[in-house]
Amino acid sequence: MDSQLRTLLAEIHQQGQTNDSEHSAYTERMMNLEPETAQFVSFLVRSSKRTRILEIGTSNGYSTTWLAWSAQQTGGHVTSLDREAHKHVLADANLRRADLRELVDLRCGDATEIVASLPGLFDCVFFDADRLSAPAQLALLLPKLAPDALLLADNAISHPTEIAGYLAALQALPDFERMVIRVGKGLSVAYRTGH
């Protein structure tokens, strides 16, 4: 990653931090990934050569930019969902500044409804929106996952009650190996070995 993009990512993250210190309403907050979590997710995507990436929770495009840059390295593409139109405007602008906009399909609306309509296949899904709807989204995505799918979810340590339903749904899937990595606010990582 070149220094120009690193500087831009740091700026986007700082804007998110400043915004969140000024707003308490969930819909107004950016709740960006910690930089170390973003870098680790990028490492996972690039090292396992993920090309069909779904992100649930775009926000201002901080993590989306990381994913798009990673997809650029693998020859892949990102679909990113968020219900807040004003956040998609920010994400669109930030992706354009990063010169990565063409690698991302931004979809605005209810994530569960959009997930139901997406054709797939996805070889990587990153859950980073409201954790309570993640189990329903996971159920809808199962037939749309590549055989060797990688499933990631943030806040596995910081929000244990909210993410419990998602982790339980993962545990019920016999083909997935799973663990929680102590990076940032806790990253749930699950991997299905391709057959």
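Keep in mind that what you see is a predicted model, and the values were worked out from it rather than measured. (Residues numbered from 1 in each chain as written. Predicted model: local features only at pLDDT ≥ 70, side-chain atom pairs only at ≥ 80, totals over all residues. Heavy atoms only, no water.)

Take the pairing of strand β6 (residues 176–181) next. Pairing of β6 with strand β7 (residues 187–192), which is carried by six bridges, proceeds in the antiparallel orientation. When the sheet's bridge partners are listed, Phe176 is paired in β7 with Arg192. (Pairing = 2+ DSSP bridges. Helix = DSSP H or I, 4+ residues; strand = E, 2+ residues; numbered from the N terminus.)

Our focus in this paragraph is empty space enclosed by the protein. One pass over the structure, following the stated rule, counts one cavity of 30 Å³ or more. Roughly 70 Å³ of volume is contained in the largest cavity. Lining the largest cavity we find Ile56, Phe127, Asp128, Ala129, Asp130, Arg131, Ala134, Gln137, Ala153, Asp154, Ile163 and Tyr166. Every element with two or more residues in the lining of the largest cavity is listed here: α6 (134–141) and α7 (160–171). Its residues placed into classes, the lining of the largest cavity shows seven nonpolar, one polar and four charged. (1 Å grid on protein atoms, 1.4 Å probe; cavity = no way out; pocket = protein on both sides within 12 Å on 5 of 7 lines; lining within 4 Å. Points joined across faces, edges and corners; volume = space filled by probe spheres on them. Nonpolar A, V, L, I, M, F, W, Y, C, P; charged D, E, K, R; others polar.)

Now for the packing of aromatic side chains. Overall, the coordinates contain three aromatic pairs when judged by the stated rule. Ring centres of Trp66 and Trp69 lie 6.5 Å apart, and the angle between their planes is 90°; this geometry places the pair in the edge-to-face category. Of this pair, Trp66 and Trp69 both sit in helix α3 (residues 62–74), three residues apart, roughly one helical turn. Take Trp66 and Trp69: they sit in the same class, and that class is buried. (Phe/Tyr/Trp six-rings, centres within 6.5 Å; stacked < 30°, edge-to-face > 60°. Buried < 20%, exposed > 50% of the residue type's maximum accessible area, 1.4 Å probe, protein only.)

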